[in-house]
Amino acid sequence: MTLPTLHNTGVIYRRILSQFPQDISLAFAYGSGVFKQHGTNQGQMEKNMLDFVFAVDDPVTWHTMNLLQNRKHYSILKLLGPTMISSVQNEHGASVYYNTLVPVDGRIIKYGVISTESLIDDLMHWKTMYVAGRLHKPVRMLVQNENGKLRAALVANLKSAVTASFLMLPESFTEEDLFLQIAGLSYAGDFRMVFGEDKSKVANIVKDNIQHFRILYSNILRDCPQVVYKPQQGKLEADKSPEGQFIQLMALPRTLQQRITKLVDPPGKNRDVEEILLQVAQDPDCGAVVQQGISSIVKSSSITQSIKGIATAGMWKTVSYSSKKLMKMWKGWRRKPLNYG
């Protein structure tokens, strides 16, 4: 899971991580401050905010220690104490608690805290796809402990991204097509893509990071019985037969299967999941149904997490952060869209 990234940056991450309580089961950095995106240069990257996610086994203890070390990072919610902060983290939005626009070691960072249990649940079942979606794309792994369940969940999440993408792609497609589809999964239905995010974001992520995506997914693609992978040509052929699609649908994460079932099964019929997925597998619009299911998961979690972000960041930081996002969106509009012809 560890990926090569920018040169001479390891020490930056180590210095930043050293400022936090060390009881972390998984830590990764992601986003435009870590991986070069199309249309940005090294100088711009170094000015971008660094994004982190920390998974912790015991959020109450971790926030207790972090409030002692880094009290200024928190909004007015710090007055409620670590137990209430952990409750806000676990019970609302996507089970992540973000502190944003935090100055650490000469950089501005944002960091999200999630319980290891909630992370595994999201990776395995796509309950919110919030952190699972970030881990569909290349990230810089900084800490990964020997939790076998977590390691298995990280791999399962990547396999699920591949399976869902196969269902939405035609029979023959390129690596770039696949990586664009995978990178776009966690943005499907995200209201911020309508208002607040650069529209060409997905293409920008993939264009300059094909090699990173390849490292992340090549073993899974080689071992997958549902696809013929030709790495030398960068081409793939997926099984689009009803039987093949049924196998893929049955392998999807549980929450996505439930959303698809809800979309297809009329109220009151109460057929079992297998029967409904068999029907979807034979539907020419199978890919569109999968897309709708994913959108419904992402839409609800992106809205609730953003509302939660106002409380966890505080009003001033929320306005500042949102204005930066809108500026990026405006710049994106002015750039020509990328073509993969």
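All values derive from a computational prediction rather than experimental measurement. (Residues numbered from 1 in each chain as written. Predicted model: local features only at pLDDT ≥ 70, side-chain atom pairs only at ≥ 80, totals over all residues. Heavy atoms only, no water.)

1. Points about the overall build of the protein
Here is step 1: Each helix and strand in the protein was counted, giving 15 helices and 8 strands.
Here is step 2: Residues counted as buried form 53% of the 341 residues belonging to the protein.
Here is step 3: Surface summary for the protein: the accessible area is close to 16,200 Å², and the carbon and sulfur share equals 56%. (Helix = DSSP H or I, 4+ residues; strand = E, 2+ residues; numbered from the N terminus. Buried < 20%, exposed > 50% of the residue type's maximum accessible area, 1.4 Å probe, protein only. Areas by Shrake-Rupley, 256 points an atom, 1.4 Å probe, with all protein chains shown as cover.)

2. Points about the pairing of strand β2 (residues 50-56)
Here is step 1: Most of β2 is tucked away, with 7 of its 7 residues classed as buried.
Here is step 2: Here β2 shows no split at all, with Leu50, Phe52, Phe54 and Val56 on one side and Asp51, Val53 and Ala55 on the other all buried.
Here is step 3: The pairing of β2 with strand β4 (residues 107-115) spans 7 bridges and is parallel. Note on β4: the bridge partner recorded for Asp51 is Lys110. (Pairing = 2+ DSSP bridges.)

3. Regarding the sheet that holds β2
Here is step 1: Spatially, 5 strands are ordered β3-β4-β2-β1-β5 in an open sheet, and the strand pairing comes out mixed. At either end of the open sheet lies a strand with only one pairing partner, and these are β3 (96-104) and β5 (140-144). Sheet twist, expressed as the mean angle between neighbouring strand axes with direction ignored, is 20°.
Here is step 2: Here strand β1 (residues 26-30) pairs with β5 via 4 bridges, running antiparallel. In the strand pairing of β5, Ala27 is matched with Val143.
Here is step 3: Lying on the sheet, helix α1 (residues 10-17) is in contact with β1, β2, β3, β4 and β5; it crosses β2 at an angle near 50°. (Axes fitted to C-alpha atoms, helices over the stretch in contact; angles between N-to-C directions. Contact = heavy atoms within 4.5 Å.)

4. Brief notes about the pattern of salt bridges
Side-chain pairing between opposite charges can occur once the charged atoms of the two side chains come close.
Here is step 1: Counting across every chain of the model gives 8 salt bridges.
Here is step 2: In this structure, the salt-bridge partner of Asp265 is Arg271, at a minimum N-O distance of 2.9 Å. An identical accessibility class is assigned to Asp265 and Arg271; each is buried. (Salt bridge = Lys/Arg side-chain N within 4 Å of Asp/Glu carboxyl O.)

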